[in-house]
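Per-entry structural report
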Amino acid sequence: MEKKKVLVLPGDGIGVDVCNAALPIFDVLALPIELSFGDIGWSCWENEGTPIPVRTWDQISKSDAVLLGAITSKGKDEAEKALPKELQNKNWQYVSPVIQLRQQLGLFANIRPAHYINGDREPFDLCVIRENTEGLYAGFDFKGIPENLDNFLTHPNIGVYGPKEVAWSVRLQTKHGLSRLFKKAFIYAEDHGLKRVTFADKPNVMRESGKFAKDIFFDIASNYPDITADIHNVDAVALWLVKKPHEFGVIVAENMFGDILSDLVAGVMGGLGVAPSANIGSDIAYFEPVHGSAPKMAGKGKANPCALFMSIALMLDYLGYPDHASRLEVAVKHVIKSRVALSYDFGGDATTVEVAKAIIDAYRNQTEGRTVAILTIGDELLSGKSINTNLSDLSQIAEHKGYSVVRQIVCSDSVGDIEQTISKLAGDVDYLVLSGGLGPTSDDRTRFAVAEVAKESLVFNDCSWRHIESRLTNFNVAVDESNRVQAMFPETAAILSNPIGTANGFSLNIYGTKVLVLPGPPAEAKYLLDKYLAEIVNASNSTNSYKWSIMGVSEGEVGTFLKQRSRNMI
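Only a predicted model underlies this, so the values are computations on that prediction, with no experimental measurement involved. (Residues numbered from 1 in each chain as written. Predicted model: local features only at pLDDT ≥ 70, side-chain atom pairs only at ≥ 80, totals over all residues. Heavy atoms only, no water.)

Our next topic: the sheet that holds strand β11 (residues 276–280). One open sheet accounts for 10 strands, arranged β2-β1-β3-β12-β11-β4-β5-β10-β8-β9; its pairing is mixed. Either end of the sheet is taken by a strand with one partner, and the two such strands are β2 (33–37) and β9 (228–233). If you compare each strand with its neighbour and ignore which way they point, the axes differ by 20° on average. Direction of pairing for strand β4 (residues 109–115) relative to strand β5 (residues 125–131): antiparallel, over a ladder of seven bridges. Among the inter-strand pairings, Asn110 is bridged to a residue of β5, identified as Arg130. The sheet contacts of helix α6 (residues 97–104) involve β3 (65–70), β4, β5, β11 and β12 (285–289), and relative to β12 the element is tilted by about 155°. (Pairing = 2+ DSSP bridges. Helix = DSSP H or I, 4+ residues; strand = E, 2+ residues; numbered from the N terminus. Axes fitted to C-alpha atoms, helices over the stretch in contact; angles between N-to-C directions. Contact = heavy atoms within 4.5 Å.)

Burial of strand β8 (residues 196–201) is extensive: six of the six residues sit out of reach of the surface. With six bridges connecting them, β8 and β9 associate as parallel partners. What sits directly across from Arg196, in β9, is Thr228. The parallel pair β8 and β9 is bridged by helix α9 (residues 207–221), and the resulting crossover is right-handed. Sheet topology places β8 next to strand β10 (residues 250–253); three bridges connect them, and they run parallel. (Buried < 20%, exposed > 50% of the residue type's maximum accessible area, 1.4 Å probe, protein only. Right-handed = clockwise from strand over helix to strand, strands pointing away.)

This part covers the sheet that holds strand β13 (residues 371–377). Taken in spatial order, the six strands of this open sheet run β14-β13-β15-β20-β19-β18, and their pairing is mixed. The strands lining the two open edges of the sheet, one partner per strand, are β14 (404–411) and β18 (494–496). Adjacent strand axes in the sheet meet at a mean angle of 20° when their direction is disregarded. Where β13 meets strand β15 (residues 431–435), five bridges bridge the pair, whose relative direction is parallel. Looking across to β15, one finds that Thr376 is bridged to Ser435. In the packing of helix α20 (residues 522–532) onto the sheet, the strands contacted are β15, β18, β19 (505–510) and β20 (513–518), and the crossing angle to β20 comes to about 145°.

On to the pattern of salt bridges, then. By the definition in use, this model includes 17 salt bridges. Here Asp530 ties to Lys401 by a salt bridge, and the two come within 3.8 Å at their closest N and O atoms. Residue Asp530 is located in helix α20, and its partner Lys401 is located in the loop between α16 (389–400) and β14; the two are separated by 129 residues in the primary sequence. Take Asp530: its relative accessible area is 46%, and that puts it in the partly exposed class. Look at the salt bridges and you will find they share partners, linking Asp39, Glu48 and Arg55 into a network. (Salt bridge = Lys/Arg side-chain N within 4 Å of Asp/Glu carboxyl O.)

Here we come to the packing of helix α1 (residues 14–22) against helix α14 (residues 352–365). For the pair α1 and α14, the least separation of the axes is 9 Å and the interaxial angle reads 35°. In the packing of α1 onto α14, the handedness of the crossing is right-handed. Listed contacts from α14 to Asp17, Val18, Ala21 and Ala22 of α1 are Thr352, Val353, Ala356 and Ile360. Looking at side-chain class alone, the contact of α1 with α14 contains six nonpolar, one polar and one charged residues. (Left-handed = near helix turned anticlockwise from the far one by under 90°. Nonpolar A, V, L, I, M, F, W, Y, C, P; charged D, E, K, R; others polar.)

Now for α20. For α20, every residue scored as buried is listed here: Glu524, Ala525, Leu528 and Leu529. End-on view of α20: buried residues confined to an arc of 120°, all on one side of the axis. Buried residues along α20 sit against α16, β15, β18, β19 and β20. (Arc of directions from axis to C-beta.)

Here the focus is the packing of α1 against helix α12 (residues 306–318). Packing of α1 against α12 brings their axes to within 9 Å, and their N-to-C directions diverge by 65°. Between α1 and α12 lies a crossing of right-handed hand. For the pair α1 and α12, the contacting residues are Val18, Cys19 and Ala22 in the first and Leu308, Phe309 and Ile312 in the second. Across the contact of α1 with α12, the residue classes tally to six nonpolar, no polar and no charged.

Once that is clear, we can look at the environment of Ser395. As for its placement among the helices and strands, Ser395 is situated in helix α16. When the C-alpha atoms of Ser395 and Val433 are compared, they prove to be 9.4 Å apart, with 38 residues separating the residues in sequence.

In structure tokens, the structure reads:
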């Protein structure tokens, strides 16, 4: 099999740090991919008067894809001062390397996917696609108005200081550029199962260019009748991305609008530390995390490598390895969700290398599907009137089967409280185990809350009703009409048979989380979880436990020693 050639350009600042930490994943991938390395960025400008040397362009021309760490760009005055003295005052122009790559390689589409990873919001899966070569970033940026344009560029403010004290930019849009951009947006939506494409623009202000783009957009959209196409003001799109990102699919925009929206989406996703990007053309593509070079952080081991791993996943998909790409994405999400190793931007203190090692281990060991949250429900548990043994018992069963329990929560019998808690956890863990609230009384509201979050109706199950009647009759208990509620389940739920109790449990998927709903009595909850939670064979999180007795040494000293020893082993 012919090897794919990938050129790695670590670049500046933390680009070098994240590349050094993440590139060992290619040894684990064991794919026919050949890595080579090249130079790009600010140091090239300082030493050679160009941020992309000729030798690097030659390497790019021989590659199937480019993986970029990060680059530093500075203003005109700083760029001039950074040049070698022999090159200063010779009108050398610094042009951002990423702009050069996009324009010279024809990489017209910047693709910024964003997925829900964790947090208190409804899960989402969307993508911002921005035009790379036109718009306000096309390079038509000028100082002063030449005489032949005096009659064309008129404004009352110009006369205050005169035409020389004016700067102006042109938003260039062509039918060619917009057509290929919109086609890419609809094809991406089709390929990724997204049902909506939204064009974010400002047609109410930029009337001519707005109408020009609108006509092209809807002309392209007519070829994709199964995908909803709409146009909204970019500021309104920004607002709704913050409030309801799950309502979007693909958002497509010209360069500057797309640039702003894509960073906003990164913030909604969790920050620039997890945001990847792809720059696609017809013959080649380059992939990079979007966090920038952060020079002050370089070499300190604080950079988050997650965005580079996610960018590598995009590249693997581009090169024809979608299964490996998906698996790598899952590994990144697992490390963040399970809090195995978190960098400072996620509230942790793990180093760049420690986070990278955790992701590589997660990929290698297939640890996806192993995080569990335990939610016990009941006012009597909150008040302390009943001892909450389910938290510890259910957690022990999950851990014994090879899962990682990452959350333990107790909430009241209030439907609103249960709904809110489930919404926070669903999509954030692989398994959510609920116990309690499946009885026939007015305070047993769990099934109603689960159905509401899942957006499903409750349906009556005859088999479960016969089980309830049989249990009650055997115990000489009258069968009351109120018991019928215990035979109602969400439409897509699988029923968990409970031979030692009256109420059956049930399971269903909500936002990618497997939800197991169990009765509250401890014996029944333990029985059902042990029966229906599959055991993970050769679980990677299984550990040997040791008990130490320490004399003359403080707990803090031991903790510091073990932490240092752990880092030295990486």
